[in-house]
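Structural description and commentary
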Amino acid sequence: MSIPGLILFLLVLAIVVLLLRAVIHIVPEYQRLVVFRLGKCIGHRGPGLVLLIPVVDRPVTVDLRERFLEIPKQTSITKDNAPIGIDFLVYSRVEDPVNSVVRITDFSSAVIGLATTNLRAVVGDLTLDDVLARRDYINQTLADKLDEVTEGWGVKVTRVEIREITPPADVQEAMVRQMSAERARRAMITEAEGQKQAAVTVAEGEKQAAILRAEGAKQSQILAAQGLATALEAIYGVARSVDANTMTLEYLDVLRSMAQGQGTKFVIPMEFTRLLEPLLGGGRGAGSDGVPRAGGS
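Residues numbered from 1 in each chain as written. Predicted model: local features only at pLDDT ≥ 70, side-chain atom pairs only at ≥ 80, totals over all residues. Heavy atoms only, no water.

This part covers the nonpolar core. Membership of the largest hydrophobic core comes to 35 residues, with the highest contact counts inside it found for I86, F88, V90, V131 and V160. Elements represented by at least two residues in this core include exactly β2 (31–37), β6 (67–77), β7 (83–94), α3 (107–124), α4 (128–133), α5 (135–150) and β8 (155–166). The element that contributes the greatest number of residues to this core is α3, accounting for seven residues. With near-sequence residues (within four places) excluded, I86 lies in contact with P72, K73, Q74, L119, V123, V131, I162, E164 and I165. (Core = buried A, V, L, I, M, F, W, Y, C linked by side-chain atoms within 4.5 Å. Buried < 20%, exposed > 50% of the residue type's maximum accessible area, 1.4 Å probe, protein only. Helix = DSSP H or I, 4+ residues; strand = E, 2+ residues; numbered from the N terminus. Contact = heavy atoms within 4.5 Å.)

Here you go:
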């Protein structure tokens, strides 16, 4: 093949390849092709194999995957006139490929401008404390307001996430002091609770000790009473075992003591005369009236 023929063959081959690339399109699952035929939108195609007419059809690729836009930090004024800086993320997903191409030119710039405007409106209705404490409310409110507008563009705003809230410097210092005071208050409460528990524990210990001492004294009294009863029983047993002779000797000892005194009169009980009968039985006898008498020679 001559050189001009080879050049012509390569040229035809390149044209065929270009035509095939213009005709045959492989569309992934996460993309769609919005087709314009002679300037008129005829809908979207895909996924899979899509055949288009070269020169006549013009495809526009649309990504259906969820994406996010980073909204730079915006300074907003709260209801109580406190300037506060907020930056956040907006997550969105294309649900209508045709409207996302036909109805909006630059979706990202439009969402950024719309988000900043709505952020100032939402923050302006809240105080500084509410802005710091109600992130979820701000996120949901912004997502709803953005979705109302982007729905006409074929885009769904799935969620909004505040990334950082920067209060004024004086507010930050006040928050630090408040945090320190709160920590000190918690420490004092914890210390007071500990002292209270310690006092309760000591009181319980003293109470138990007093109860044990009372129980010990009670047991000592019971043991002493039992010992006294035992001693009395022993004395009673010994007293019952004392015979008449022992009692007679005791009476004589008492009489001997009385004789040593200054008195001249003695009272002798009748029981004493009965006790002497065994001792005097050999030399003297008792009359019929029970009075002892001297015996005859």
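Estimates place the volume of the largest pocket at around 190 Å³. What lines the largest pocket is a set of 13 residues, among which V62, R67, S100, V101 and F107 lie closest to the centre. When residues of the lining of the largest pocket are traced back to their parent elements, those giving at least two are β5 (57–63) and α2 (97–102). In terms of residues, the lining of the largest pocket owes the most to one element, β5, which gives four residues. Split into classes, the residues belonging to the lining of the largest pocket amount to seven nonpolar, three polar and three charged. (1 Å grid on protein atoms, 1.4 Å probe; cavity = no way out; pocket = protein on both sides within 12 Å on 5 of 7 lines; lining within 4 Å. Points joined across faces, edges and corners; volume = space filled by probe spheres on them. Nonpolar A, V, L, I, M, F, W, Y, C, P; charged D, E, K, R; others polar.)

Now for the packing of aromatic side chains. Applying the stated rule across the entire model yields two aromatic pairs. A centroid spacing of 5.9 Å and a plane angle of 40° characterise the contact between F68 and Y91, whose relative ring orientation is tilted. Within this pair, whereas F68 is found in strand β6, its partner Y91 is found in strand β7, the two being separated by 23 residues in sequence. Between F107 and W153, the ring centres sit 6.0 Å apart and the planes meet at 85°, which makes this aromatic pair edge-to-face. In this pair, F107 is assigned in helix α3 and W153 in the loop between α5 and β8, connecting sequence segments 46 residues apart. The ring of Y137 carries the charged tip of R134 above its face, separated from the ring centre by 4.3 Å. Taking NZ or CZ as reference, R159 lies 4.0 Å from the ring centre of Y91, over its face. (Phe/Tyr/Trp six-rings, centres within 6.5 Å; stacked < 30°, edge-to-face > 60°. Lys NZ or Arg CZ within 6 Å of the ring centre and 35° of its normal.)

What follows deals with the side chain of N139. Inspection of the secondary structure assignment puts N139 in helix α5. For N139, the contacting residues outside a window of four places in its chain are V160, E161 and I162.

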